[in-house]
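If you want the building blocks of each chain, they are given just below.
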Amino acid sequence: MGECKRIDWQAGATSVRDRMDHLFNNPDMSDLNIVAVDELWSWGQTVKDFIGHKLVLCTASPVFHQLFFPKENGPEIPKCLQLTKAPGGSGTSKLEIEGVPPIAVENLLEYCYKDRFDRSDFENGYSRNLLWRLWHISKVLQMNHLFELCSEALDSTMCEETVFWDLNYSLDYHEMGTDQIKYKVSQLTKSLDNQLYTHPNFVFLDQHSVRELLGKRLHSSSEPLIVFNNVLRWALFQLDRTILEEMDDAKGADIPVTERSKMINKIRQEKIKDYTFSDISKYLDLVLDLVPWSEFSQHDFLDSVASADVLPKDMLLSASISVMEEVVKNPERLNKSAYLWTNDPNTVKSELNKAMDTFRTKPVQSSEPKSEQLLSSKPCPREKADIKAKLEEARQRRLLMENSRLSKNLEQEPTLQQSNLLLVE
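About the thresholds
- Residues numbered from 1 in each chain as written.
- Predicted model: local features only at pLDDT ≥ 70, side-chain atom pairs only at ≥ 80, totals over all residues.
- Heavy atoms only, no water.
- Helix = DSSP H or I, 4+ residues; strand = E, 2+ residues; numbered from the N terminus.
- Contact = heavy atoms within 4.5 Å.
- Areas by Shrake-Rupley, 256 points an atom, 1.4 Å probe, with all protein chains shown as cover.
- Buried < 20%, exposed > 50% of the residue type's maximum accessible area, 1.4 Å probe, protein only.
- Arc of directions from axis to C-beta.
- Phe/Tyr/Trp six-rings, centres within 6.5 Å; stacked < 30°, edge-to-face > 60°.
- Lys NZ or Arg CZ within 6 Å of the ring centre and 35° of its normal.
- pLDDT = per-residue confidence, 0-100.
- Axes fitted to C-alpha atoms, helices over the stretch in contact; angles between N-to-C directions.
- Nonpolar A, V, L, I, M, F, W, Y, C, P; charged D, E, K, R; others polar.
- Polar contact = N/O pair within 3.5 Å; in protein donor to acceptor, adjacent residues only side chain to side chain.

(A) Examining the overall build of the protein more closely. Of regular secondary structure, the protein possesses 20 helices and six strands. Of the contacts formed within the protein by residues at least 6 apart in sequence, a portion of 66% connects residues at least 24 apart. For the protein, the computed accessible surface area is about 25700 Å², with 53% contributed by carbon and sulfur atoms.

Written out as structure tokens, the structure is:
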């Protein structure tokens, strides 16, 4: 509960904000006790009391105004608000706010009394949950300015740290208008590749969120073995956050899939606490059908999936067939997953070389007629005078060659005649 502050607050205050700041959670002139309750909140206190002033809350929200001073055709009062008036209609009333975390109510009151909102306060996992809950209650209470501040903060501070909670809440509050945020979440998740699944916050996805994420995953966008390992990590975390939290200095996604498979089989054999296989199965059943089995290399599938004894028999048979079909189509898939085959630099280089070789050996084809191709291959036409001069030079060279040949023949004739006479003798 609050307590009275300095005595000279009226004289010392220089603005309305300073005067309202004095009244924040202060019993001075208070006429309202506020109880915030959210038993499902896992990031701090689930129940907390505050002191309020009806006048201040009425100036911040038309819903509060309708709650405290009802009038015809006023806004509808949400079910999360329960007001118990003081006996006789005077004195201090009690306002219960159900399903809203105390920390969110505290931030709401700080905005009402102090006009305080700092978006830099909402960038990690804890504060991200708080921001979304503040976004929700401001929407419910029709506090449009605070709602706009929350929406802008959600958009501008979204990153790979927050995207998991952003997906959760954008699905939870879809009816309240989260399409824009959901689209941005989708674009960001597509850019993260393997990091999306190995991120420590992956395990905080809700059941419907993890199915949404896996269901919209692009083909060959991540390593299937990494997806499988972290799907098992997610399932174990939902069952018990302390199971296989750390092993041999390895944490989270760094723990091998073989160790998680062993842990699941220990649970099957009821060797872990009081859990049975049905306890873990309800989580495995939510995600195993969305693992991209056909994208596994045959080696990884046999080594990490077929021998793990985690999949139901029907699913294992179906997955095995899909892997073998891919290997028949492409023998490289014996040892390369679809992700590695698509993104391996050697594979890309090989395909590039093939394309270049094809280009080098392929004759150049043109849609132009052959006569036009020949014309286009000739040099630019010369001037007519230049052509005539060249032709005359060629004619003169031929005449000289002919004269030279005749002269040689005339010189050889006497010798031939003499040799012929000697033969006659």
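(B) Structural detail: helix α11 (residues 207–215). Taken as a whole, α11 has its buried residues at S209, V210, L213 and L214. Projection of α11 onto a plane perpendicular to its axis shows the buried side chains occupying an angular sector of 125°, all on one side. Looking at the packing, one finds that the buried side of α11 touches α8 (163–172), α9 (179–191), α10 (195–198), α12 (224–239) and α14 (277–287).

(C) Representation of the packing of aromatic side chains. By the definition in use, this model includes 19 aromatic pairs. Geometrically, the ring pair formed by W132 and W135 is edge-to-face, given 5.2 Å between the ring centres and 65° between the ring planes. Here W132 pairs with W135, and both are found in helix α6 (residues 125–140), just three residues apart, close to one helical turn. A relative accessible area of 0% means that W132 is categorised as buried. We classify W135 as buried; its relative accessible area is 1%. Grouping aromatic residues by their ring pairs yields a cluster made of W132, W135, F147, Y169 and Y173. The residue whose ring lies beneath K139 is F147, and the NZ or CZ to ring-centre distance is 4.7 Å. Note that R268 overlies the ring of F277, its terminal NZ or CZ placed 4.0 Å from the centroid.

(D) Here's a closer look at the confidence of the model for the protein. For the protein, the mean per-residue pLDDT works out to 85, and 79% of the residues sit at or above 70. Taken together, the stretch residues 415–425 has pLDDT below 50 and engages in zero contacts with residues farther than four places along the chain or on a different chain.

(E) Main features of the packing of α11 against α14. Following both chains from N to C, one finds α11 and α14 inclined at 30°, their axes separated by 9 Å at the closest point. On the side of α11, the interface is formed by Q207, V210, R211 and L214, while α14 contributes Y283, D285, L286 and V287. Tallied by class, residues from the contact of α11 with α14 come to five nonpolar, one polar and two charged.

(F) Region of the structure containing the environment of R128. You can see R128 is positioned in helix α6. Sequence separation of R128 and F164 is 36 residues, and the distance between their C-alpha atoms is 9.9 Å. Residues in contact with R128, not counting those within four places in the same chain, are F122, A153, L154, T157, M158, T162, W165 and D166. In this structure the side chain of R128 is engaged in a polar contact, spanning 2.8 Å, whose partner is the backbone oxygen of L154.

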